[in-house]
Amino acid sequence: MFTAIHELAHHVMFAEKGNKSACAHTQDFWAAFHSILDIAGKKGVYRVEIDTDTQKLIDDARAISGRVVGLWRELGRVILAIEESCRENGLRAEDIIERKAQIGKQSSKVAVAAYNMGDQGVGVDIQAEAAKQRDEYKRAAVIAAGHEGKTLFIRKHFHGSRATIIAAGHEGKSVVQRKHFHSS
Ligand SMILES: [Zn+2]
């Protein structure tokens, strides 16, 4: 069923957009795939029965992912303190952070955003995606999608200022990609 939905998503993309390029697995494709997966789940066409051993590992992975985000917040706090200290001591903060602390601009940005946002109870991918959003509405939408339990695929339709977020599960994505690569 999982593979059938994958192929159906290709059909939908082709019917909607005439998309039949070599690079068919676009972000739009994954968004379509995950929304069909959601619908199939709600209709009971596609069911995932997770055994207790796997569930335990899923819980562990989510807990670790949350702890990594906790470390990002700590890092963000220290980066802001470095900036403050550099100001007081006449040093160039961006140089100190990048060359001496060896933390690149992008990592700094994500860490500082994580610190500023506080504990949102989400894992690394949702937190990183939220950190990229400039306006608070979009940040909140990304976090809310994360709290709905399934996330990673986030698609933004820009109709004026409105963003529609379609989210889907991390495990689902890697499984389907592997299946696809092995079977085609
Ligand atoms: Zn495919």
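Above this note sits the structure.
S.K.: Hey, could you run me through the overall build of the chain in this one?
M.R.: Tallying secondary structure elements over the chain gives 8 helices and 2 strands in all. When the helices and strands of the chain are placed in sequence order, the string is α-α-α-α-α-α-α-β-β-α. By sequence separation, contacts in the chain at least 24 residues apart represent 49% of the contacts at least 6 residues apart.

S.K.: Would you take a moment to explain helix H6 (residues 124-132) for this structure?
M.R.: Within H6, the full set of buried residues consists of Ile126, Gln127, Glu129, Ala130 and Ala131. Where H6 is buried, its residues contact helix H3 (52-89), helix H5 (105-117) and helix H7 (136-147).

S.K.: Even after reading the chapter, I still don't get the packing of H5 against H6, so can you show me in this structure?
M.R.: Between two packed helices, what matters for the description is the angle formed by their axes and the separation of those axes. Here H5 crosses H6 at 95°, and the two axes come no closer than 9 Å. With respect to their mutual orientation, H5 and H6 come out roughly perpendicular. In contact with Lys109, Val110, Ala113, Ala114 and Met117 of H5, H6 contributes Gln127, Ala128, Ala130 and Ala131. The residue inventory of the contact of H5 with H6, partitioned by class, reads 7 nonpolar, 1 polar and 1 charged.

S.K.: Sorry, what's going on with the nonpolar core here?
M.R.: For soluble globular proteins, nonpolar side chains are generally found buried alongside one another. If you look at the biggest cluster of nonpolar residues, it comprises 16 residues, and the most contacted ones within it are Ala111, Ala114 and Val142. When residues of this core are traced back to their parent elements, those giving at least two are H3, H5, H6 and H7. Membership of the second largest hydrophobic core comes to 9 residues, among which are Ile5, Met13, Ala32 and Leu37.

S.K.: What am I meant to see in the packing of H3 against H5 here?
M.R.: Across the interface, H3 lies against H5 with an axial gap of 7 Å and an inter-helix angle of 100°. With respect to each other, H3 and H5 are oriented roughly perpendicular. Facing Val69, Trp72, Arg73, Leu75, Gly76, Arg77, Ile79 and Leu80 of H3, the residues of H5 in contact are Ser108, Val110, Ala111, Val112, Ala114 and Tyr115. Grouping the constituent residues of the contact of H3 with H5 by class yields 10 nonpolar, 2 polar and 2 charged.

The rules behind these values
Residues numbered from 1 in each chain as written. Predicted model: local features only at pLDDT ≥ 70, side-chain atom pairs only at ≥ 80, totals over all residues. Helix = DSSP H or I, 4+ residues; strand = E, 2+ residues; numbered from the N terminus. Contact = placed C-beta atoms within 7 Å. Buried ≥ 20, exposed ≤ 12 C-beta atoms within 10 Å, placed from the backbone. Axes fitted to C-alpha atoms, helices over the stretch in contact; angles between N-to-C directions. Parallel < 35°, antiparallel > 145°, perpendicular 65-115°, else oblique. Nonpolar A, V, L, I, M, F, W, Y, C, P; charged D, E, K, R; others polar. Core = buried A, V, L, I, M, F, W, Y, C linked by C-beta atoms within 7 Å.

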